[in-house]
Amino acid sequence: MFYGEYEHAIDTKGRLIIPSKFRESFKEYEIGKFYITRGLDTCLFMFTENEWKTQEAKFKSLSFTKSEARKFNRLYFSGACQIECDRQGRILVPKYLKEYAGIKRDCMVIGVSNRIEIWAKDKWEEYYRSSQESFEDIAEKLMSPEA
């Protein structure tokens, strides 16, 4: 549903314009509510309401008797908040999430199929540079019959 990478900036009020391609999908599928939370690799994850419910069901099924599950769920869900786009297609990114992701102004909005990721531009560039060389090796490992 979400694909591509787009360079944007957060304004002084903490608002981020969602790429127009994504907003077109929101209109087409009548998506109004989203959830944003701490993601992995110091980015933010943004899910549609339906996808959030799917993710939530998976994580709620983890045993709370396992310390890793408790820790993950605490950090993941305590960082979550519900958001909506305003008329100009902007979302308000909470300060604590901007701090977590190291976002000051310039950021990258990345479509990753069922979710949107929001990265500090410098962190995305660093991640991309360090990962692109191993892209083919990763693909081979993931697609091999043993994986």
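Everything that follows concerns the structure shown earlier in this document.
Notes on the structure in this doc start here. Owing to the predicted nature of the structure, the values given are computational and were not obtained by experimental measurement. For every chain, the first residue of the written sequence is number 1, and numbering continues from 1 along that sequence. Reporting of local features is limited, given that this is a predicted model, to residues whose pLDDT is at least 70; pairs of side-chain atoms are given and counted only at 80 or more, and all residues count toward the totals for whole chains, interfaces and linings. Note: side-chain values were computed over all heavy atoms of the structure, leaving out hydrogens and water.

1. A few points about the overall build of the protein chain
Within the protein chain one finds 6 helices and 8 strands. When the helices and strands of the protein chain are listed from N to C terminus, the series reads β-β-α-β-β-α-α-β-β-α-β-β-α-α. Each principal axis of the C-alpha distribution contributes one length, and for the protein chain these read about 45 × 40 × 30 Å. Scored against the burial criterion, the 147 residues of the protein chain give a buried share of 35%. Residue contacts follow a heavy-atom distance rule, with two residues in contact if any of their heavy atoms lie within 4.5 Å. When contacts within the protein chain are restricted to residue pairs at least 6 apart in sequence, long-range pairs at least 24 apart make up 61% of them. Accessible areas in this description were obtained via Shrake-Rupley with a 1.4 Å probe; residue shielding takes into account the shown protein chains only. About 9700 Å² of surface is accessible on the protein chain, with carbon and sulfur atoms providing 51% of the total. Here Asp and Glu are counted as negative and Lys and Arg as positive; His is not counted, and neither are the chain ends. Each charge is placed at NZ for Lys, CZ for Arg, CG for Asp and CD for Glu. The centroid of the 25 positive side-chain charges in the protein chain is displaced by 9 Å from the centroid of its 24 negative side-chain charges. Secondary structure is summarised from DSSP: a helix means a run of H or I of at least four residues, a strand means a run of E of at least two, and numbering begins at the N terminus for each. Exposed residues in this analysis have more than 50% of their type's maximum accessible area, buried residues have under 20%, and partly exposed residues fall in between, with area computed by a 1.4 Å probe over protein chains only.

2. Comments concerning the packing of aromatic side chains
Geometry of aromatic contacts follows a simple scheme: Phe, Tyr and Trp rings, the Trp one being its six-membered ring, pair when their centres are within 6.5 Å, and the pair is stacked under 30 degrees between planes, edge-to-face over 60, tilted otherwise. Across all of its chains, the model carries 18 aromatic pairs by this definition. For the ring pair phenylalanine 45 and phenylalanine 47, a centre distance of 6.0 Å and an interplane angle of 80 degrees mean the geometry is edge-to-face. Using a relative accessible area of 2% as the deciding quantity, one classes phenylalanine 47 as buried. For the ring pair tyrosine 76 and phenylalanine 77, a centre distance of 5.3 Å and an interplane angle of 85 degrees mean the geometry is edge-to-face. In textbook terms, an aromatic cluster arises when at least three aromatic residues are bridged by ring pairs, as seen for Tyr35, Phe45, Phe47, Trp52, Phe59, Phe72, Tyr76 and Phe77. Between arginine 115 and the ring centre of phenylalanine 45, over which it is positioned, the NZ or CZ distance is 4.5 Å. A ring is scored as having a charge over it whenever the NZ atom of a lysine or the CZ atom of an arginine sits within 6 Å of its centre and within 35 degrees of its normal.

3. Let's talk about the sheet that holds strand β5 (residues 81-84)
In this analysis, strands are considered paired if DSSP registers two or more bridges between them. Spatially, 6 strands are ordered β1-β7-β8-β4-β3-β5 in an open sheet, and the strand pairing comes out antiparallel. Both outer strands of the open sheet, β1 (2-9) and β5, are each paired with one neighbouring strand and no more. On average, adjacent strands in this sheet sit at an angle of 25 degrees to one another, irrespective of strand direction. Here strand β3 (residues 33-38) pairs with strand β4 (residues 44-48) via 5 bridges, running antiparallel. Pairing of phenylalanine 34 across the sheet is with threonine 48, part of β4. This element, helix α1 (residues 20-28), spans β1, β3, β4, β7 (106-113) and β8 (115-120) of the sheet and lies at about 125 degrees to β1. Along the sheet, helix α3 (residues 67-78) makes contact with β3 and β4, crossing β3 at roughly 130 degrees. Axis definition: a line fitted to C-alpha atoms, limited for helices to the stretch in contact. Angles are taken between N-to-C directions and run from 0 to 180 degrees.

4. Thoughts on the pattern of salt bridges
Where charged atoms of side chains with opposite charge meet at close range, the side chains can pair. The term salt bridge refers to a pairing of a side-chain nitrogen on Lys or Arg with a carboxyl oxygen on Asp or Glu at a separation within 4 Å. All chains considered together, the criterion is met by 7 salt bridges. Taking the shortest distance from any N to any O, the salt bridge between lysine 121 and glutamate 7 comes out at 3.0 Å. With lysine 121 in helix α5 (residues 121-132) and glutamate 7 in strand β1, this pair connects stretches of sequence that are 114 residues apart. With a closest N to O distance of 2.7 Å, aspartate 86 and arginine 90 form a salt bridge. Assessed through its relative accessible area of 29%, aspartate 86 is described here as partly exposed. The class for arginine 90 is buried, based on a relative accessible area of 18%.

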